[in-house]
Amino acid sequence: MVIAYIAATVLAAAAALLAAGIDVVRAEWVRTNMGAYGVPESWLSPLALIKAVGGAGLLIGLAVPPIGVAAAAGLVVYFLGAVLTVIRARCYSHIGYPLPYLALAAASLALSIAS
């Protein structure tokens, strides 16, 4: 169980940090998608910060479990919001973008609670 928790947490952290980096460089496809969802481009930096803090919190949580639980819960809420944003915008073909991040964050949360 511990190996699964570590693997899920490291993958979730890497995914969140990668997503934050993509937001920071303001990739064209991200700006296009955010516009389609009705999210202002000015929100990219704060959203990147949330993902970066969540990813870092997951890694810190490997040593300090309460921080990991809080970070995983925060990322689950964040990516649930992302899924709802895509659904609200009726961009159903884009639902596959936030779902893997949500699944990794949820796995990390569930496994951290179970460990």
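In the block above lies the structure referred to throughout.
This structure is a prediction, so every number in the text was calculated from the model and none was measured. Numbering of residues begins from 1 in every chain and follows the order in which that chain's sequence is written. A pLDDT threshold of at least 70 governs which residues receive local features in this predicted model, and a stricter bar of 80 or more applies before side-chain atom pairs are shown or counted, although totals over entire chains, interfaces and linings include all residues. Processing note: side-chain calculations cover all non-hydrogen atoms of the structure and skip hydrogens and water entirely.

A. Molecular detail of the pattern of salt bridges. What makes a salt bridge here is a side-chain nitrogen of Lys or Arg within 4 Å of a carboxyl oxygen of Asp or Glu, nothing more. Evaluation of the coordinates by the stated rule reveals three salt bridges. Ionic pairing is found between E28 and R31, a salt bridge with its closest N-O pair at 2.2 Å. Remark: R31 and E28 occur in helix α2 (residues 28-37); sequence separation between them is three residues, near one turn of the helix. Overall, E28 belongs to the partly exposed group, its relative accessible area being 49%. Throughout, exposure labels follow a simple rule: accessible area from a 1.4 Å probe, protein chains only, divided by the maximum for the residue type, with under 20% read as buried, over 50% as exposed, and the rest as partly exposed. For R31, a relative accessible area of 32% puts it in the partly exposed group. Note that E41 is salt-bridged to R31, the shortest N-O span being 3.9 Å. Remark: R31 occurs in helix α2 and E41 occurs in the loop between α2 and α3 (44-61); sequence separation between them is 10 residues. Overall, E41 belongs to the partly exposed group, its relative accessible area being 40%. Taken together, the salt bridges that share partners define one network made up of E28, R31 and E41. Labels follow the DSSP assignment, with helices taken as runs of H or I lasting at least four residues and strands as runs of E lasting at least two, numbered in each case from the N terminus.

B. Structural detail: the packing of aromatic side chains. Aromatic pairs are defined between Phe, Tyr and Trp rings, using the six-membered ring for Trp, whenever the two ring centres lie within 6.5 Å; interplanar angles under 30 degrees are classed as stacked, those over 60 as edge-to-face, and all others as tilted. One pass over the full model with this rule turns up three aromatic pairs. Each ring, one from W29 and one from Y97, has its centre 6.1 Å from the other, and the planes form 50 degrees; the classification is tilted. Here W29 is found in helix α2, whereas its partner Y97 is found in the loop between α4 (65-88) and α5 (98-114), with 68 residues between them in sequence. Between F79 and Y101, the ring centres sit 5.3 Å apart and the planes meet at 15 degrees, which makes this aromatic pair stacked. Placement of the pair is F79 in helix α4 and Y101 in helix α5, with a sequence separation of 22 residues. Ring-pair connections join several aromatic residues into one group, and the members of that group are Y78, F79 and Y101.

C. Up close: the environment of L62. As for its placement among the helices and strands, L62 is situated in the loop between α3 and α4. Taking relative accessible area as the criterion, L62 reaches 36% and is therefore assigned partly exposed. Spatially, the C-alpha atom of L62 lies 9.1 Å from that of Y5, the residues being 57 residues apart in sequence. Non-local contacts of L62, meaning those with residues more than four positions away in its chain, are made with Y5, I6, T9 and V10. By the convention used here, residues are in contact when the closest approach between their heavy atoms is within 4.5 Å.

D. Representation of the nonpolar core in the model. Among buried residues, the Ala, Val, Leu, Ile, Met, Phe, Trp, Tyr and Cys ones that are joined through side-chain atoms within 4.5 Å form a nonpolar core. Grouped together as the largest cluster of nonpolar side chains are 23 residues, with contacts concentrated most on M34, Y37, L58 and L75. Per-element tally for this core: the top contributor is α4, with eight residues. For L75, the contacting residues outside a window of four places in its chain are A16, K51, G54, G55, L58 and A105.

E. Structural detail: unusual backbone geometry. One non-glycine residue, R26, lies in positive phi territory at about 55 degrees. Tracing the sequence through the fold places R26 in the loop between α1 (2-24) and α2. On the accessibility criterion, R26 (27% relative accessible area) is partly exposed. At R90, a residue that is not glycine, the phi angle is positive and equals roughly 60 degrees. Residue placement: R90 occurs in the loop between α4 and α5.

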